[in-house]
Amino acid sequence: REVLVLRRVTKLPVPTLKQTCDGYLAALEPIVSSEELDHTRKLVGEFLSGGVGERLQKGLERRARKTENWLSDWWMQSAYLDCRMPVAVYTSPGVVLPRMHFQDRQGQMRFAAKLIAGVLDFKRMIDTETLPVEYLSGNPLCMDQYYQILSSCRIPGPKRDTVVNYAVGKTPSTHITVVHNFQFFVLDVYNSDGSPLTVDQLHMQLEKIWNSSLQTNKEPIGILTSQHRNTWGKAYNNLIKDKTNKESVRAIQKSIFTVCLDAPMPRVSDEMYQSRVAAQMLHGGGARWNSGNRWFDKTLQFIVGEDGTCGLVYEHAPAEGPPIVFLIDYVVKYMQRIEMVRSPMVPLVMPQKLRFNITPEVKRDIEKAKQNMNIMVHDLDVKVLMFSHFGKNLPKKYKLSPDAFVQMALQLAYYRMYDTCCSTYESASLRMFKYGRTDAIRVTTVDSLNFVQAMQDPSKQNSERLLLLQEAILTHKKNTYNAIHGQAIDRHFLGLKMLSIEDLTSMPEIFMDTSFAVAQHYNLSTSQVGSKTDCVMCFGPMVPDGYGVCYNPMEEHINVAITAFNSCEETNAARFAQAVEGALLDIRALLEDAATAA
């Protein structure tokens, strides 16, 4: 069945050049001045009729015929592997799970054991290829990303990174990595007959790990993975010169996933709790807390704190949010069913502690990484808004798209704070196509601008505002439809640009234009991650003066995580969260007022 479905997932199309250029000019209209727009119109005209555009378009169509997906390799390189910023905060998303009711190591061990069992149960579906195929409006989705998230790891290079997947090959991995007090352990999770360890057995093994890593004065070797990629690339080569270190690093890279048993963090008020945990998932809280209790290059790291905090952080290169969230939903459900079964008392081997030889040079690299991590921690501003007044039930009642509804609230909040609108990115899944990743929905449109301006204009009637809201939501729905069907503008432009780099021809003027830079500077980088579990996903801003906004609209409430950088005077996560709350409530008031009038 699986094979048949994979055949039905079609190849990513190449949109027409005219359509993409028209879409580009439309996207620029609300965010650049009319002089800039006129200048860009000329450049677009030349690109379309001067032969350059057509030549690149033909090259792209040729590539599309010859490859399974003309975009995926380029995207992986340009968005992730060539990017030299640290993966922590800058590209790796965090997920906060609902707070657990344990406050001690016993609870932590029990929870971690069940969680490992749940992930292994999920892995069984991947290994036996019995993972149910997902559909979107009747179309099968490409399931490839599920096969990339376990037993994989990013590997730093001096100029470009790679991702290695150990699931494919003759001897697939049978161990996970557990890290506690900055010390790494290899834990075999399968018995000699191939059956997974029971929750009870896992619990016993975790106890052994805990007891043999009580000393806290260890060098936090894992913090090296949080560095700028070029710095880490150099430190990595230096680290693995030593044979013991190389074997230890390889054991972490090959593991199925990592479990981080975190030390309790400083307590905060209930109101601040979600925001603090979101930050802990993104960076670990700093060198003296849990930032060294990570291997940020590992695709999947589950975090279980002694104080009941839990969640995960994942390295973004191999996969998007939805497969990760599907895995979380599965594991959470599994953990609710599972009871601790007393297993036969088979003596299990002691989990192996990974040794590292810390040379003075490695020690220097660790100190530098600690300093940089602490700077990063102080710079990241995180605010989680648990919006409790309504959820997607409200827009649905008025027959409006919940996603577009939240996006318009974000536009209104931004406009109220800055008296202007900005380039806004919302990720759209391309999984309708084989090996599809994402494209961008450009949220800021002439219609969204008209709506937010009307909301701020006291002379406008509510009836008029409502019409503009409906118009803006309709446009957003259309743009979303185009994006998931491979007809958006951003990845098409990326393809044309990559092709001109590969052909070593001069870069087309259209990509050297200030408008292009403005369009690519996303002050709002947003993503909807729908999950059945009441979790909060978060990620850092895309630009130094921007916001990262991730939201999960549940039936009766909406979880919104907002990040910004403290080093930017203009941005403030808490103020933006307040503006978002106000905007959501005002749009509800607008709908209710119109309903009453009607």
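Structure's up top.
Quick caveat, the model's predicted, so the values are computed rather than measured.

J.: Looking at this structure, I do not really get the pattern of salt bridges. What am I missing?
T.: A side chain of one charge can pair with a side chain of the opposite charge if their charged atoms are brought near each other. Taken as a whole and assessed by the stated rule, the structure comprises 28 salt bridges. The residue E68 makes a salt bridge to K434 at a minimum N-O spacing of 3.4 Å. On the criterion of sequence distance, the pair formed by E68 in the loop between α4 (52-66) and α5 (72-81) and K434 in the loop between β13 (424-429) and β14 (438-442) is long-range, its members being 366 residues apart. The shortest N-O distance in the salt bridge between R431 and E134 comes to 2.9 Å. Residue R431 is located in the loop between β13 and β14, and its partner E134 is located in the loop between α6 (105-127) and β2 (135-136); the two are separated by 297 residues in the primary sequence. Using a relative accessible area of 18% as the deciding quantity, one classes E134 as buried. Counted as one network, the salt bridges with shared partners bring together R84, R154, D161, R229, D297 and E315.

J.: Mind showing me how you'd approach the side chain of N69 here?
T.: Within the secondary structure, N69 is located in the loop between α4 and α5. A distance of 2.8 Å separates a polar side-chain atom of N69 from the backbone nitrogen of L71. A distance of 3.3 Å separates a polar side-chain atom of N69 from the backbone oxygen of Y435. Excluding residues within four positions of it along the chain, N69 makes contact with L12, K434, Y435 and G436.

J.: In this structure, what is going on with unusual backbone geometry? I would like to understand it.
T.: The phi angle of most residues is negative, glycine excepted, and most peptide bonds adopt the trans form. The phi dihedral of N181 falls on the positive side, at around 50 degrees, and the residue is not glycine. Inspection of the secondary structure puts N181 in the loop between β6 (175-180) and β7 (183-188). Judged by its relative accessible area of 15%, N181 falls in the buried class. A positive phi angle, near 55 degrees, is found at K399, a position not held by glycine. Owing to a relative accessible area of 75%, K399 belongs among the exposed residues under this scheme.

How each quantity is defined
Sequence order as written defines residue numbering, which begins from 1 separately in each chain. Per-residue local features of the predicted model are confined to residues with pLDDT of at least 70, and side-chain atom pairs are confined, for both listing and counting, to 80 or more; whole-chain, interface and lining totals are unaffected and use all residues. Only hydrogens and water are set aside when side-chain values are computed; all heavy atoms of the structure are taken into account. Note on definitions: salt bridges are taken to be side-chain nitrogens of Lys or Arg within 4 Å of carboxyl oxygens of Asp or Glu. Elements are defined by DSSP. Helices are runs of H or I of four residues or more, strands are runs of E of two residues or more, and each kind is numbered from the N terminus. Relative accessible area decides the class of each residue, using a 1.4 Å probe on protein chains only: under 20% of the type maximum gives buried, over 50% gives exposed, and in between gives partly exposed. Polar contacts here mean pairs of N or O atoms no more than 3.5 Å apart (in protein, one a potential hydrogen donor and the other a potential acceptor; neighbouring residues in sequence count only if both atoms are side-chain atoms). The contact rule is simple, with two residues in contact once any of their heavy atoms fall within 4.5 Å.

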